[in-house]
Amino acid sequence: MTFNKRSLITLGVLAIVTFAVYYFFSRRGITYIWHWERIPEMLFYYGGKSAEDAVPRVRMGILMIGFVLTLKISIASIFFAIIIGTIVGIARLSHEPVTRALSLGYVELIRNTPLLVQIYIIYFFVGSMLRLSAFAAGTAALSIFAGAYVGEIVRAGIQSIHKGQMEASRSLGMSYAEAMRHIILPQAFKRIIPPLAGQFISLVKDSSLVSVIALADLMFQGQQAVARTYHAFEIYFTIAFLYLVMTFTLSMATQYIERRLAISD
Amino acid sequence: MIKARNVHKTFKTPDRKEVKALVDFSTDIKKGEVVVIIGPSGSGKSTFLRCLNRLDEIDSGEIFIDGVNIYDKKVNINEIREEIGMVFQLFNLFPHKTVLENVTLAQMVVRKKNKEEALEVSRGLLHKVGILEKENVYPAQLSGGQQQRVAIARVLAMHPKIMMFDEATSALDPEMIGEVLDVMKTLAKEGRTMVVVTHEMGFAREVSDRVVFMDEGQIVEEGTAEHFFTNPVHERTKLFLSQIL
Ligand SMILES: Nc1ncnc2c1ncn2[C@@H]1O[C@H](COP(=O)(O)OP(=O)(O)O)[C@@H](O)[C@H]1O
Ligand SMILES: [Mg+2]
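What counts and what doesn't
- Residues numbered from 1 in each chain as written.
- Chains lettered and ligands numbered in written order.
- Predicted model: local features only at pLDDT ≥ 70, side-chain atom pairs only at ≥ 80, totals over all residues.
- Heavy atoms only, no water.
- Helix = DSSP H or I, 4+ residues; strand = E, 2+ residues; numbered from the N terminus.
- Buried < 20%, exposed > 50% of the residue type's maximum accessible area, 1.4 Å probe, protein only.
- Areas by Shrake-Rupley, 256 points an atom, 1.4 Å probe, with all protein chains shown as cover.
- Lys, Arg positive; Asp, Glu negative; His and termini not counted.
- Charge placed at Lys NZ, Arg CZ, Asp CG, Glu CD.
- Near = heavy atom within 4 Å.
- Polar contact = N/O pair within 3.5 Å; in protein donor to acceptor, adjacent residues only side chain to side chain.
- Nonpolar A, V, L, I, M, F, W, Y, C, P; charged D, E, K, R; others polar.
- Contact = heavy atoms within 4.5 Å.
- Buried area = accessible area lost by both parts, 1.4 Å probe.
- Salt bridge = Lys/Arg side-chain N within 4 Å of Asp/Glu carboxyl O.

**As for the overall build of chain A**
Thinking step 1. For chain A, the helix and strand inventory stands at 10 helices and two strands.
Thinking step 2. Taken from the N to the C terminus, the helices and strands of chain A come in the order α-α-β-β-α-α-α-α-α-α-α-α.
Thinking step 3. Looking at the 265 residues of chain A, the share that counts as buried comes to 43%.
Thinking step 4. If you sum the accessible surface of chain A, you get close to 14,500 Å²; carbon and sulfur atoms cover 70% of it.
Thinking step 5. For chain A, the separation between the mean place of its 23 positive charges and that of its 14 negative charges on side chains is 4 Å.

Encoded structure:
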């Protein structure tokens, strides 16, 4: 039920902001001629694409194509960030000083340098060495970036589980890895869903930075569309709305998972 | 079955003080014997149990279980632990698993039993500890006494050669102590090897073969429960008994 309230509040705030912008413009006498009618075709349109592919059918417009790419890169990055984060979170608590130091080094390095710089380094340096596509480089950069934060969240999650859980598991004959897999991590993940959701929402928004390596994501396509049509306000509003759709779905999904997992409480 | 020789264990506290938990500790526990360990808080009772399955590691000395030196580098500690069940003061059930899953999990993960087999064993044991009707409930919905009985079933499912109980009834409300002690008594009468840290002298008198009084990491006095009730020798024993009886 809290979810429904929160979604209403968010939508309400969005409506108020939109209204405020209109109001502000009209009061200042700024005559901006809105062209909202140009937006739908940037999402979907009916027709041919080019001379070679002229068959008329429903096709994705430029913003929708960008939306799908942002969606793909976000999902891929979340997936890898979870894997990296889990490994890093466990490594941070290792008894091996070297493992501990390496994982700490990774976390500190990533958290203390700008993501934009990391994207450039991975794309131009690592990417060209390994012949990565822009998509692979973008995904790698976002995963490595978010992985450091997820790692810290996972570490805190593991540490929050009572040590009796590990002792009970080990005393039943489970190995450390078995105890982690069956007992500690499932409980830890349940507990860290809220901070993880926050992290993944940031990741979706941060993914707009990959437009700098000419990856045709939502932000990049939007900029192209603005350059072509000059309908900056309409397009950026639409982009903001589309990002919101993604982050909103994400927080909805995590709240659903949280509720489902709450049955054992 | 258990042979401890000259075991020393020292803890370092966070402020770098050294705490001697076991001092030149030696004892023998025979197969089928039920040994009750009593002693004041901090006397090393838990540490002894925890060193028996290496939840804590001894500093020096030797511990043999079934003739195997469990601190030998070649020993696979997970295999040793399968044979030594431990029941904790705070139950430590797995909160994200149902009662049935709590009992079934280690059988499948550690003993590699298939699911049907494990379920059958689990249901039999839940019946034995009198809690079968709660098999699909999560631990949070159980009373302390019920949780502890599930924890005992979880240990029994591994068919351990030795069972250790570390103050298994200390965290329970008084009205629930009986139901857990009853299960423990049943197990004791089945001829299991049991090492039981408890201050329930009624339990000691009814089923124990031997009572060991520990203080400051050492055995001060040992004998039958009757001996402790009628003619304890050492002053420290008398003082302690006067506090708990
Ligand atoms: N992990 C630990 N770190 C530091 N000191 C400990 C630790 N575990 C036990 N001790 C100390 O060792 C001594 C024996 O503890 P313990 O075996 O738990 O006693 P008991 O179970 O008889 O109450 C106590 O002084 C206790 O403070
Ligand atoms: Mg204790």
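There is more to say after this.
**What to know about the site of ligand 1**
Residue and element names in this part refer to chain B.
Thinking step 1. Around ligand 1 sit F11, V19, A21, P40, S41, G42, S43, G44, K45, S46 and T47, and that is every residue in its neighbourhood.
Thinking step 2. Between ligand 1 and S43, the relevant distance is 3.2 Å, taken from an oxygen atom to a main-chain nitrogen or oxygen of the residue.
Thinking step 3. One of the side-chain N or O atoms of K45 is found 2.8 Å from an oxygen atom in ligand 1.
Thinking step 4. Protein chains bury 64% of the 560 Å² of accessible surface belonging to ligand 1 in isolation.
Thinking step 5. Secondary structure elements with two or more residues in the shell around ligand 1: strand 2 (18-29) and helix 1 (45-52).
Thinking step 6. Of all the elements, helix 1 adds the most residues to the shell around ligand 1, at three residues.
Thinking step 7. A class-by-class count of the residues in the shell around ligand 1 yields four nonpolar, six polar and one charged.

**Looking at helix 3 (residues 99-109) of chain B**
Thinking step 1. Most of helix 3 of chain B sits inside the fold, with nine of its 11 residues counted as buried.
Thinking step 2. Listed in full, the buried residues belonging to helix 3 of chain B are V99, L100, N102, V103, T104, L105, A106, Q107 and V109 of chain B.
Thinking step 3. Taken together, the buried residues of helix 3 of chain B touch helix 8 (176-206) of chain A together with helix 4 (115-128) and helix 5 (144-156) of chain B.

**Remarks on the interface of chain A and chain B**
Thinking step 1. Contact residues are listed per partner, giving 20 residues for chain A and 26 residues for chain B.
Thinking step 2. Summing both partners gives a buried area of about 2,000 Å² for chain A against chain B, and 61% of it is carried by carbon and sulfur.
Thinking step 3. Inspection of the region where chain A meets chain B yields two salt bridges.
Thinking step 4. Applying the counting rule to chain A against chain B returns five residue pairs in polar contact (both at pLDDT 80 or more).
Thinking step 5. Elements represented by at least two residues in the side of chain A that touches chain B include exactly helix 7 (163-171) and helix 8 of chain A.
Thinking step 6. Here the side of chain A that touches chain B takes seven residues from helix 7 of chain A, the largest share from any one element.
Thinking step 7. Across the side of chain A that touches chain B, the residue classes break down as six nonpolar, 10 polar and four charged.

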